[in-house]
Amino acid sequence: MDPPAARRSRSLLAHGVIRLVPPVRRLVAQRDRLRDECRRLRQEGEQTRRERDAVRGERDNLRIERNALVLAASDRPGDGRRAAPADRAADGPALGYLFILTYGRSGSTLLQNLLSTLPGVLVRGENQGVLYDLYRFHSKVLHHRDRLAGSSPLPPFHPWWGIDGYPEDAALAEMRHLVLETLIRPRPESRIVGFKEICWPEEDLAEYVAFLRQLFPGARFVFNTRQLADVARSKWWATMPDALDRLTLIEKRMAAVVEDLGSSAIRVHYDDYCADVEALRPLHEWLGAEFDVERVRTVMAVRHSY
């Protein structure tokens, strides 16, 4: 038989455990209720985010469809002028987008100024290709979103939680708003806006241009070239022993992309329009702008950084 002291000890221990059972049960029940509530709140949050993204997607789809209708209308036979493509904000004017695709020392600053003197046209200067960072951000997120997308959202305990819900159309709309409001800053009278750039990627130029056309629906490109031997002797190019070879490759890559753009791009040559301003008439007609010879000559009489 057990000693009396041991029996008393076991009795007290059992009594204490019995007294602890109800509080422990209550704590377990509270924990389970909290888990259920957290799960419910997460599900509601996910549903809310999906509905929000769906609404934004619908909004951007409507904008894209409207742009497509404008572009389709602009391609119909008429007076020979092409209407500017548009991206309409809810309370803003119609905007078309225009970018100068070129390399350094090609006379692009002169062309930038010539375009910006057209009524309703605003072409800002270069920005060292900062939109390429947006392209890399967008492309990387899409890659991982599509890699991980499945039939159901990723759970909170997944290491990539949330990336599968990246809203592509909403992201493009927000990036477009950012660039317009901070970098381009359209004027009240602006109908065509954009910028000129000499910093373009080499290996993925076509993909980057495709991104710009997504970011700015209906975007068009002016491909500005110059006699490469003269460019190779200008400023920083003159310090590079292989300047002419590098420029030849750059221009070849750009020309291939421009060819694929079809009527969304036009090519102008600095030496041609410097020799005869009439060489700029097709550009004006392509933009649907009046060709004012005196205005062009006045701009060209000003010294630019070319």
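On a predicted model such as this, the values are computed, not experimentally measured, just so you know. (Residues numbered from 1 in each chain as written. Predicted model: local features only at pLDDT ≥ 70, side-chain atom pairs only at ≥ 80, totals over all residues. Heavy atoms only, no water.)

Peer 1: Explain the nonpolar core to me, please; I cannot follow it from the model alone.
Peer 2: In globular proteins that are soluble, nonpolar side chains generally tend to be buried together. Formed by 46 residues in total, the largest nonpolar core has its most connected members in L131, W200, F211, F216 and F221. Those elements that provide at least two residues to this core are β1 (96-101), α3 (131-148), α4 (168-184), β3 (192-197), α5 (205-215), β4 (220-225), α6 (228-232) and α7 (243-261). Top contributing element to this core by residue count: α7, with 7 residues. In this structure F221 touches L98, F99, W200, V209, L212, R213, L261, S264, A265, I266 and W286, once residues within four positions along its chain are discounted. The next biggest cluster of nonpolar side chains, apart from the first, holds 25 residues, and it includes V277, W286, F291 and V296. (Core = buried A, V, L, I, M, F, W, Y, C linked by side-chain atoms within 4.5 Å. Buried < 20%, exposed > 50% of the residue type's maximum accessible area, 1.4 Å probe, protein only. Helix = DSSP H or I, 4+ residues; strand = E, 2+ residues; numbered from the N terminus. Contact = heavy atoms within 4.5 Å.)

Peer 1: Explain the packing of α3 against α4 here, please?
Peer 2: Angle between the axes and distance between the axes are the two parameters that describe a pair of packed helices. Their axes nearest at 12 Å, the elements α3 and α4 cross at an angle of 170°. It follows that α3 is roughly antiparallel to α4 by the angle criterion. Contacts between α3 and α4 involve L131, L134, F137, H138, L142 and R145 on the former and, on the latter, E168, A171, L172, M175, V179 and L183. Partitioning the contact of α3 with α4 into residue classes produces 9 nonpolar, 1 polar and 2 charged. (Axes fitted to C-alpha atoms, helices over the stretch in contact; angles between N-to-C directions. Parallel < 35°, antiparallel > 145°, perpendicular 65-115°, else oblique. Nonpolar A, V, L, I, M, F, W, Y, C, P; charged D, E, K, R; others polar.)

Peer 1: Is there a simple way to think about helix α10 (residues 293-300) in this case?
Peer 2: The periodicity of an α-helix, 3.6 residues per turn, causes residues three or four places apart in sequence to face the same way. Listed as buried for α10 are R295, V296, V299 and M300. Around the axis of α10, the buried residues are gathered within 130° of arc, so they sit on the same side. Away from its buried face by more than 90 degrees, α10 exposes E294 and T298. On its buried face, α10 sits against α2 (108-116), α8 (270-275) and α9 (281-287). For α10, the N-terminal cap is D292; the gap from its side-chain oxygen to the backbone nitrogen of E294 is 3.1 Å. (Arc of directions from axis to C-beta. Polar contact = N/O pair within 3.5 Å; in protein donor to acceptor, adjacent residues only side chain to side chain.)

Peer 1: Just checking my understanding: could you explain the packing of α4 against α5 for this structure?
Peer 2: Relative to each other, α4 and α5 sit at 85°, their axes nearing to 9 Å. When the axis of α4 is compared with that of α5, the two are roughly perpendicular. Two secondary-structure elements touch here, α4 through E168, L172, M175 and R176 and α5 through F211, Q214 and L215. Classifying every residue of the contact of α4 with α5 by side-chain character gives 4 nonpolar, 1 polar and 2 charged.

Peer 1: Is there a simple way to think about the pairing of β1 in this case?
Peer 2: Strand residues, when the strand is regular, have side chains that alternate between the two faces of the sheet. Burial of β1 is extensive: 6 of the 6 residues sit out of reach of the surface. Neither face of β1 is open: one carries G96, L98 and I100, the other Y97, F99 and L101, and all of them are buried. Relative to β3, β1 runs parallel, the two sharing 6 bridges. Along β3, the bridge assignment pairs Y97 with V193. (Pairing = 2+ DSSP bridges.)

Peer 1: Got a minute to help me understand the sheet that holds β3 in this structure?
Peer 2: Sheet strands associate in pairs through backbone hydrogen bonding, adopting either a parallel or an antiparallel arrangement. The 5 strands are arranged β2-β3-β1-β4-β5 in an open sheet whose pairing can be described as parallel. The open sheet has two edge strands with one neighbour each: β2 (121-124) and β5 (265-269). Strand-to-strand twist in this sheet, taken as the mean axis angle between neighbours without regard to direction, amounts to 20°. The sheet contact formed by β1 and β4 spans 4 bridges and is parallel. Residue pairing across strands places L98 opposite R220, the latter belonging to β4.

Peer 1: For this particular structure, what's the right way to read the environment of D146?
Peer 2: Position of D146 among the secondary structure elements: in helix α3. Through-space distance from the C-alpha of D146 to that of Y166 is 9.5 Å; in sequence the pair is 20 residues apart.

Peer 1: Hey, could you run me through α5 in this one?
Peer 2: Three or more residues of α5 are buried, namely L205, Y208, V209, F211, L212 and L215. In a view along the axis of α5, the buried residues occupy a sector of 155°, so they form one face of it. In this fold, the buried residues of α5 make contact with α3, α4, β4 and α7.

Peer 1: Would you mind showing me how to read unusual backbone geometry here?
Peer 2: A negative phi angle is the norm for most residues apart from glycine, just as the trans form is the norm for most peptide bonds. One non-glycine residue, Q128, adopts positive backbone phi at about 60°. Inspection of the secondary structure assignment puts Q128 in the loop between β2 and α3. On the basis of relative accessible area, Q128 is assigned to the exposed category, the value being 65%. A positive phi angle is found at R185, which is not glycine, with a value near 50°. Tracing the sequence through the fold places R185 in the loop between α4 and β3. Overall, the relative accessible area of 40% leaves R185 in the partly exposed class.

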